[in-house]
Amino acid sequence: MARSSYATQKTRLEKEKAKIEKQLQSLQAKQRKPVITSIVRSMRDYGITPEEILAAFDRKKTSKPTTSAPRKPAASAKRVVPPKYRHPETHAEWTGRGKPPRWVSEAEAAGTPREAFLIKPAA
């Protein structure tokens, strides 16, 4: 039993691949023809012009791509929290959420209570 070389096997497989690809193209062309005929018939029945199809096709391209993942709410939809604390000299503000800013930490280290920076509600 003779062994064929790599080059011979590769050439044979490439020929088979080309033959199969040609068969696939032929099959696809056969299946597309009745679909196209049906589309043209429907366009005639409903009076749809190719320009309308083109406009609808272009409009679909410019829309956002759809994803199966759930969408997160937009950043602008987040609730804005009013500031709760204000520095008396610099007027820097802090909502009281998250890590305290440096001016609050430094004031607390110096002995000033955080409540000293509370913003008084307007009467």
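Reading guide: rules and limits
- Residues numbered from 1 in each chain as written.
- Predicted model: local features only at pLDDT ≥ 70, side-chain atom pairs only at ≥ 80, totals over all residues.
- Heavy atoms only, no water.
- Core = buried A, V, L, I, M, F, W, Y, C linked by side-chain atoms within 4.5 Å.
- Buried < 20%, exposed > 50% of the residue type's maximum accessible area, 1.4 Å probe, protein only.
- Helix = DSSP H or I, 4+ residues; strand = E, 2+ residues; numbered from the N terminus.
- Contact = heavy atoms within 4.5 Å.
- Expected span 1.5 Å × (residues − 1).
- Arc of directions from axis to C-beta.

> Tell me about the nonpolar core, and name the residues and values.
Among the nonpolar cores identified, the biggest contains 6 residues, and these are Tyr 85, Trp 94, Trp 103, Val 104, Ala 107 and Phe 117. The dominant element in this core, judged by the number of residues it contributes, is helix α3 (residues 102-109), at 3 residues. Setting aside residues up to four positions removed in sequence, Val 104 forms contacts with Trp 94 and Arg 114.

> Before we move on, could you go through helix α1 (residues 6-46) and cite the residues and values that matter?
The terminal C-alpha atoms of α1, which comprises 41 residues, lie 59 Å apart, in line with the 60 Å expected from a rise of 1.5 Å per residue. Looking one or two places after α1, you find Gly 47, whose phi comes out positive at around 70°.

> An account of α3 is requested, with residue identities and associated values reported.
Those residues of α3 not exposed but buried are Trp 103, Val 104 and Ala 107. Projected down its long axis, α3 carries its buried residues within an arc of 100°, all on one side. Facing away from the buried surface of α3 by more than 90 degrees, the exposed residues are Arg 102 and Ala 109. Close packing links the buried residues of α3 with β1 (85-86) and β2 (93-94). Of the residues trailing α3, Gly 111 is marked for its positive phi of about 105°.

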